[in-house]
Structure formats: C-alpha cells, structure tokens
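Here are the chains, one letter per residue:
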Amino acid sequence: EGVIYDFIDRHRDGLKAEGLQEQALSRLRYITRLYNEEIHVLASREIGDIRQLEGQKVNIDKAGSGTNLTARLIFEKLGIKPELTTYDQASSYERLRSGELKAAIYVAGRPVRAISEFQAEGRFHLLPIPFEGEIAEAYFPAKFTRADYPRLLAEGEEVHTLAVGSILAVFNWPERSDRYKRVERFVNAFFSRFEEFLQP
C-alpha cells in the first residue's frame, strides 16, 4: 500500500489533471515496479536548449497517451509554452524532417526503434531536460549514450534526460472473489518465474 501512495504522490499532478487521484488510491493494488521509460525530445539542431521551444511547434503524441500527459506536465513545470501538436509518432517524425515541427517528444524505454532508425543526417539531435526544481520531485534522472542512439550521439557524448517509473498494478478486487484469485495466481506465477523473464 505504501508504494501505491508513493506512486500517487509522484504522479499527483497527472492524476489530478485527469481527475483520477482518489480513484487510484481506492481502486489500485500494487504488484511491482517494472522499469523506467525515458523522455526523448528529438529536435532540430537549431534548438540547443529545451527553453528555446517556447512558441515553437512541438509534437506530444495523441491525446490521452502517457507521452502527451508527461510532456504537458514537464513544459508546465519548466514554464515553457510551445505550440503543441498531437500527431501520431510516425507522422511526427516526417513533419519534423520537413521542418513543420521543431521537436517531437516520446516517452518510452530506450532504445526506441523508431528513434534509433531515424535518419538524422546531422540535422537533428536529442535535447537534454534539466533535472531541477519540481521536476526532481516527480521524475528520475536518466541519460542517453551512443550505445543507445549511435546515429544521434557521438562517441563519449551523453544527453541527460528524465525518466518515468512504470509499475504493474491491478484493480483492487475484493478478497476471495474469482477475479482476486486469478490475480493471485498470476502474481505467484510471475514472481516464481521472474528470473526467466530476465533472460534474452
């Protein structure tokens, strides 16, 4: 239960924005923390600092997506007001390459295949996001290296960014109900075979 409270606390802004804070507390049962998802800001090389996105067209994925919500919160915390677009990820990269967009944001575990395969041609790079102020209270520090994105980073180069923690949680079914028993079977199987899940 303490972990759910910590999760709610870390994501309170997003849950409040969606009106889900109280529901999350009463309806979720925590199972485990899974992995981090890094925040990728793929931008034109003429943008050297995330604050330069003020007033610029930036894609934040479709409404309702985790990327959309996270991007809005980060811009709000940094006091940056870009012109936000909500194209799907694939078309956002085409629009970035054509010059219609100055940046595209995607929240996903690194390396992201579409970003790894993006033809940067020296015109695009990954922007750092500062780990400071309110952001440091809600997100984790993370970084990208050439091993993650050889087409976008030089040898020895690092880009500091943020990460969002992903957890596995389920609906808080009443104990002894059929659904509760199904979840219990899943949890027992999951943890008893956890080492197998870590294999390639």
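See the structure shown above.
Since we're looking at a predicted model, the values are computed, not measured.

Undergrad: Describe in detail the overall build of the chain, supporting the description with residues and values.
TA: When you go through the chain residue by residue, the secondary structure sums to 9 helices and 7 strands. For the chain, buried positions account for 38% of its 200 residues. A fraction of 74% describes how many contacts in the chain between residues 6 or more apart in sequence connect residues 24 or more apart. Accessible surface for the chain amounts to roughly 11,500 Å². Of this, 48% is attributable to carbon and sulfur atoms.

Undergrad: Could you give me a rundown of the pattern of salt bridges, with the residues and numbers involved?
TA: Counted by the stated rule, this structure contains 13 salt bridges. The partner of Arg113 in a salt bridge is Glu117, and the shortest N-O contact between them spans 3.0 Å. Among the salt bridges present, the one from Glu155 reaches Arg146, with a minimum N-O distance of 3.5 Å. Residue class for Glu155 comes out exposed when judged on its relative accessible area of 68%. Here the salt bridges do not stand alone but share partners, grouping Glu38, Arg110 and Asp148 into one network.

Undergrad: Requested: an account of helix α5 (residues 89-98), with residues and values cited.
TA: Within the span of α5, buried status applies to Gln89, Ser91, Ser92, Tyr93 and Leu96. In this structure, the buried residues of α5 make contact with β1 (28-44), β2 (57-59), α4 (66-78), β4 (103-108), α6 (113-116) and β5 (124-126). Its side-chain oxygen at 3.1 Å from the backbone nitrogen of Ala90, Asp88 defines the N-terminal cap of α5. Phi turns positive, to about 95°, at Gly99, one or two residues after α5.

Undergrad: Could you give an account of the packing of aromatic side chains, with specific residues and numbers?
TA: Within this structure, the stated rule accounts for 9 aromatic pairs. With 4.5 Å between their ring centres and 55° between their planes, Phe171 and Trp173 make a pair best called tilted. When its relative accessible area of 39% is taken as the criterion, Phe171 is described as partly exposed. The exposure class assigned to Trp173 is partly exposed, which follows from its relative accessible area of 28%.

Undergrad: Could you give an account of the pairing of β4, with specific residues and numbers?
TA: Most of β4 sits out of view: 5 of its 6 residues are buried. Pairing of β2 with β4, which is carried by 2 bridges, proceeds in the parallel orientation. Each residue of the ladder has a partner; that of Val58, found in β4, is Ala103.

Undergrad: Tell me about the side chain of Gln89, residues and numbers included.
TA: Structurally, the position occupied by Gln89 is in helix α5. Gln89 sits in the buried class, given a relative accessible area of 11%. In this structure the side chain of Gln89 is engaged in a polar contact, spanning 3.0 Å, whose partner is the side chain of Tyr93. Once residues within four sequence positions are removed from consideration, Gln89 is found in contact with Asp61, Thr67, Ile105 and Tyr106.

Procedures and definitions
- Residues numbered from 1 in each chain as written.
- Predicted model: local features only at pLDDT ≥ 70, side-chain atom pairs only at ≥ 80, totals over all residues.
- Heavy atoms only, no water.
- Helix = DSSP H or I, 4+ residues; strand = E, 2+ residues; numbered from the N terminus.
- Buried < 20%, exposed > 50% of the residue type's maximum accessible area, 1.4 Å probe, protein only.
- Contact = heavy atoms within 4.5 Å.
- Areas by Shrake-Rupley, 256 points an atom, 1.4 Å probe, with all protein chains shown as cover.
- Salt bridge = Lys/Arg side-chain N within 4 Å of Asp/Glu carboxyl O.
- Polar contact = N/O pair within 3.5 Å; in protein donor to acceptor, adjacent residues only side chain to side chain.
- Phe/Tyr/Trp six-rings, centres within 6.5 Å; stacked < 30°, edge-to-face > 60°.
- Pairing = 2+ DSSP bridges.

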